[in-house]
Amino acid sequence: MKRIVSGIQPSGTLTLGNYIGAIKRFVELQQSLPDCEFYLFVADLHAITVPQEPSEMRRRIRDVAAMYLAAGIDPDRTVLFIQSEVKEHAELGYLLQCNTYIGELERMTQFKDKSKKQEAGITSALLTYPVLMAADILLYDADAVPVGEDQKQHLEICRDIAIRFNNRYGEFFTVPEPLIPKVGARIMDLQDPARKMSKSAESDKGLITLYDDPASIKRKIKSAVTDSLGLMNYDEEAQPGLANLITIYSVLGGLSPEAVVAKYQGQGYAQFKEDLGNLAAESIGALQQKYQEIIASGRLDEILDRGRDAAHLYASRKMEKCKRKIGLGRIRK
Ligand code: TYM
């Protein structure tokens, strides 16, 4: 059976980018691929590669799990769990580090960006982060990993690590395919369409979070940077701000970008922005309502316990085999 695996870090407020690039997509796959198994986790071990306030972190871990469920993750279809509760992630991460070169980690764009931002106190875990991510994926023999565009390079190194391990020790890990959406793989900052919309952005003006109220969502879309051409086109090069808004409309409204362009052809941007503001406020409002229901239902812990046990069952077997393959442990007489 094919397995699909993904995760999100609880390292800041979830954004519309996370929702469009990853969460919504995962839900659609879960619904459209009845023959696949799904594993989805809150990547808390990844979040601590940069400093986090412990009580804040613990709250955010629950938040991400609840938001997954609010978005339509079905705990009977998807094994939903918290990464640090399945110790094999860290354990396999170490074994894979023994098969990964510092040079290839230093070339990772995200490492270069993050270490530039954080001049002092760059942890060694920030460098080895992609190896832990490879462990998250290889531990479950994932065939496919749905992620946004920014994770593509991490998926490539994961594939390299798996292939290298298999060459060295014999076929063992499944080499995963990235599943990157054609539309919505990179939602951009509304104030600076050259930059990715990110939970760690300094200003929240260009950032729509999944916790924003309807008025601020509408305001942020209204003030989104576009251009002075006044022409409805889907052109990421020439009109990146507008193209970003068309992408958001397209995914939330279930229309192709071309259909969105056709719908607003001949009109100025104002009407389009107003409609998009309403659409985004409605979509996020519905998500928030479900989120509140999940929190109030008191079911979250039971779901996460069940997910942890199912994930651990798979992971522990794979881990045992992996250790044997490498030659760790004792010969049993
Ligand atoms: P993270 O937590 O930064 O982001 C979670 C997911 O959201 C996607 N994403 C976006 N998609 C479109 N537009 C954006 N502006 C945008 N911002 C974020 C990301 O591509 C990602 O799919 N290392 C991962 C978490 C992780 C993981 C894994 C993912 C840890 N282990 C194993 C897959 C498999 C990360 O930091 O994602």
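What counts as what
- Residues numbered from 1 in each chain as written.
- Predicted model: local features only at pLDDT ≥ 70, side-chain atom pairs only at ≥ 80, totals over all residues.
- Heavy atoms only, no water.
- Near = heavy atom within 4 Å.
- Polar contact = N/O pair within 3.5 Å; in protein donor to acceptor, adjacent residues only side chain to side chain.
- Areas by Shrake-Rupley, 256 points an atom, 1.4 Å probe, with all protein chains shown as cover.
- Helix = DSSP H or I, 4+ residues; strand = E, 2+ residues; numbered from the N terminus.
- Nonpolar A, V, L, I, M, F, W, Y, C, P; charged D, E, K, R; others polar.
- Domains from an automatic or database assignment.
- Contact = heavy atoms within 4.5 Å.
- Buried area = accessible area lost by both parts, 1.4 Å probe.
- Salt bridge = Lys/Arg side-chain N within 4 Å of Asp/Glu carboxyl O.
- 1 Å grid on protein atoms, 1.4 Å probe; cavity = no way out; pocket = protein on both sides within 12 Å on 5 of 7 lines; lining within 4 Å.
- Points joined across faces, edges and corners; volume = space filled by probe spheres on them.

1. Some details on the site of the ligand
Okay, so step 1: With respect to spatial proximity, 27 residues lie near the ligand, and among them Gln9, Tyr129, Asp136, Asp150 and Ile187 are the closest.
Okay, so step 2: The separation between an oxygen atom of the ligand and a polar side-chain atom of Asn18 is 3.1 Å.
Okay, so step 3: Here Ile187 contributes a backbone N or O atom positioned 2.8 Å from a nitrogen atom of the ligand.
Okay, so step 4: For the ligand, whose accessible area on its own is 710 Å², the fraction buried by protein is 97%.
Okay, so step 5: Sorting the residues of the shell around the ligand by element identifies strand S1 (2–8), helix H1 (16–32) and helix H7 (124–138) as the ones contributing at least two each.
Okay, so step 6: Considered class by class, the residues forming the shell around the ligand number 12 nonpolar, 10 polar and 5 charged.

2. Description of the domain arrangement of the chain
By convention, interface size is frequently given as the accessible area that disappears when the constituent parts associate.
Okay, so step 1: Taken domain by domain, the chain consists of domain 1 (3–185 + 299–326) and domain 2 (214–293).
Okay, so step 2: Spacing between the C-alpha centres of domain 1 and domain 2 amounts to 30 Å.
Okay, so step 3: With 11 residues of domain 1 in contact, the opposing surface of domain 2 contributes 11 residues.
Okay, so step 4: When the two sides are added together, the surface that domain 1 and domain 2 hide from each other amounts to roughly 1100 Å², 82% of it contributed by carbon and sulfur.
Okay, so step 5: Looking at the side of domain 1 facing domain 2, the largest losses of area belong to Leu16, Ala70 and Val183, adding up to 43% of the total buried there.
Okay, so step 6: Scanning the region where domain 1 abuts domain 2 turns up 0 salt bridges.
Okay, so step 7: Counting every contact that joins domain 1 to domain 2 gives 2 residue pairs in polar contact (both at pLDDT 80 or more).
Okay, so step 8: The residue makeup of the side of domain 1 that touches domain 2, split by class, is 8 nonpolar, 1 polar and 2 charged.

3. Some remarks on the layout of surface pockets
Okay, so step 1: Approximately 260 Å³ is the volume found for the second largest pocket.
Okay, so step 2: Arg186, Met188, Tyr234, Glu236 and Thr247 are, among the 14 residues lining the second largest pocket, the residues nearest its centre.
Okay, so step 3: Class assignment of the residues belonging to the lining of the second largest pocket gives a composition of 7 nonpolar, 3 polar and 4 charged.
Okay, so step 4: Residue assignment places the lining of the second largest pocket across two domains, with domain 1 (3–185 + 299–326) and domain 2 (214–293) each supplying three or more.

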